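Coordinates in review
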Amino acid sequence: MTDSASPQSEIEKSLAKALAGIEIPPRPAVLDKVMAEMQSSDPDFRRLANLILADVGLAAGLIKTANSPAFGYRSKAATVRDALTMLGLINVLRTLAGLSLRAVLPESPAMKGFWETSSGTAFICGWLTRELGIREGIRSEDAYTYALFHDCGIPVLLHSLPGYEETYTATHVADRPYTEIEIERHELSHARVGAIMAESWFLPDIHVQAILHHHATRIFPPNMPGLAAGTRRLIALGQLAEKLHGDLTGGADHGWNLTGADRLEVLGIGADQLDGLRAGASNTLDSMG
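Quick caveat, the model's predicted, so the values are computed rather than measured.

Now for the overall build of the protein. Counting its regular elements, the protein contains 16 helices and zero strands. Over its C-alpha atoms the protein spans a radius of gyration of 19 Å, differing by no more than 12% from the 19 Å that the globule rule assigns to 289 residues. Overall, the C-alpha framework of the protein stretches about 65 × 50 × 40 Å when taken along its three principal axes. The 289 residues of the protein split such that 50% are buried. Contacts in the protein between residues far apart in sequence, at least 24 positions, make up 69% of those at least 6 positions apart. Of the roughly 13,700 Å² that the protein leaves accessible, carbon and sulfur atoms contribute 52%. Averaged over its 25 positive side-chain charges, the protein has a centre that lies 6 Å from the centre of its 34 negative ones.

Set out below in C-alpha cells:
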C-alpha cells in the first residue's frame, strides 16, 4: 500500500502541468556571448563592444540607458565602450536583457501601452532608488532592471495561455491581489512565469525572488521569513514607481490600496512624502521624452 501524495507534491504537479504549455522565450544569443566574455580570465571590452554593436538597436538602447538621468552619471556615454565602462559588465548584461525583452516577447492588442508603462516605470524606479539613497545594496541600475522585468510574465501568458487575455483585460478586483485571481483561473501567475524567465536570462536571485513575490500583500517577516532585505526593497521600489507612474499618466494603481502602507514602511518613508516624489518622477519622465 502506498502513501497518498502530499499536498505539496500535488501543488507541484499542478504547477508543472500548467507550465507545460507555456512558451518561455529563450534568452537572446547576445546574452550568452556577453556572459562567456565576462567569465573569461581577461574580459575584452573591445570584443564585447563589437558583439553589442552587431545589433544597432541594442547598442543605441545601451547608450541611452547609460545616459539616463535615472542613473545620475556625471559623464555621458558617446559609444558602447563608454557605456561598458560606466555601467560595468554585470550591469551591461542585465541592461541588455531588459532591452531585449520587447524584441522577443510577442505583441498583443491587449498590451496597448504595456511597454511604455514598463519603460516609464523602470526609469522612475531607477531615479527613485537614487533619490531615496542606496540601501541593502540596491542601486539604480538594479532597480531599473527589476522594474523592466517584473511583469514580463504577462506578455508570455497572453501569447501562450488560452483565456488569459480575458483575465488580464477584465479583472479589476480592489480587495484581492491579481496573482490570486490568476492562480484561481489558470493555476499559475505572471509572477511565477516572470521569475522563471528572469532566472533563465541570467538575472540574479534577488531579482528573481522580487519578481516572484511582487504581488505579496505583506513582505515583512513573519509573513515572508526567507525574503532578503534587498529583495523586499526591490519590490517596494518597483511598486512605488508603478504608483507614481500611474498617478502621472492615469494608469492603474497596481494594488497600491492593498500593499502601499507595507511598501512605504519597507522604504522608511511616509505618505506625506508622495507629493514631492511625484514631482520628481514627473521630471524624470519629462527628461526621457
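The next subject is the pattern of salt bridges. Counted according to the given criterion, the structure contains 14 salt bridges. Residue Asp44 is joined to Arg47 by a salt bridge in which the shortest nitrogen-to-oxygen separation is 3.8 Å.

Let us look at unusual backbone geometry. Here the phi dihedral of Glu136 falls at roughly 55°; this positive angle occurs in a residue that is not glycine. Here Glu136 shows up in the loop between α7 (114–132) and α8 (140–149). At Glu187, a position not held by glycine, the phi torsion is positive, near 70°. Residue position: Glu187 is located in the loop between α11 (178–186) and α12 (190–200).

Put simply, the second largest pocket is a space of about 620 Å³. Taken together, 25 residues make up the lining of the second largest pocket; nearest its centre are Leu99, Trp115, Ser119, Phe123 and Tyr144. Classifying every residue of the lining of the second largest pocket by side-chain character gives ten nonpolar, eleven polar and four charged.

What follows covers the confidence of the model for the protein. Mean pLDDT over the protein works out to 86, with 91% of the residues at or above the 70 mark. In the model, residues 1–5 has pLDDT below 50 throughout and makes two contacts with residues more than four positions away in sequence or in other chains.

Of all the residues in helix α3 (residues 45–53), the buried ones are Leu48, Ala49 and Ile52. Each buried residue of α3 lies within a common arc of 100° when the element is viewed along its axis, so the set occupies one face. Taken together, the buried residues of α3 touch α2 (29–38), α4 (56–66), α5 (80–87) and α6 (89–104).

Another point: the environment of Asp32. Within the secondary structure, Asp32 sits in helix α2. Along the backbone, Asp32 and Phe202 are 170 residues apart, and their C-alpha atoms lie at a distance of 9.0 Å. Ignoring sequence-local partners within four residues, the contact set of Asp32 consists of Arg27 and Phe202.

The rules behind the values
Residues numbered from 1 in each chain as written. Predicted model: local features only at pLDDT ≥ 70, side-chain atom pairs only at ≥ 80, totals over all residues. Heavy atoms only, no water. Helix = DSSP H or I, 4+ residues; strand = E, 2+ residues; numbered from the N terminus. Rg over C-alpha atoms; globule rule 2.2 N^0.38 Å. Buried < 20%, exposed > 50% of the residue type's maximum accessible area, 1.4 Å probe, protein only. Contact = heavy atoms within 4.5 Å. Areas by Shrake-Rupley, 256 points an atom, 1.4 Å probe, with all protein chains shown as cover. Lys, Arg positive; Asp, Glu negative; His and termini not counted. Charge placed at Lys NZ, Arg CZ, Asp CG, Glu CD. Salt bridge = Lys/Arg side-chain N within 4 Å of Asp/Glu carboxyl O. 1 Å grid on protein atoms, 1.4 Å probe; cavity = no way out; pocket = protein on both sides within 12 Å on 5 of 7 lines; lining within 4 Å. Points joined across faces, edges and corners; volume = space filled by probe spheres on them. Nonpolar A, V, L, I, M, F, W, Y, C, P; charged D, E, K, R; others polar. pLDDT = per-residue confidence, 0-100. Arc of directions from axis to C-beta.

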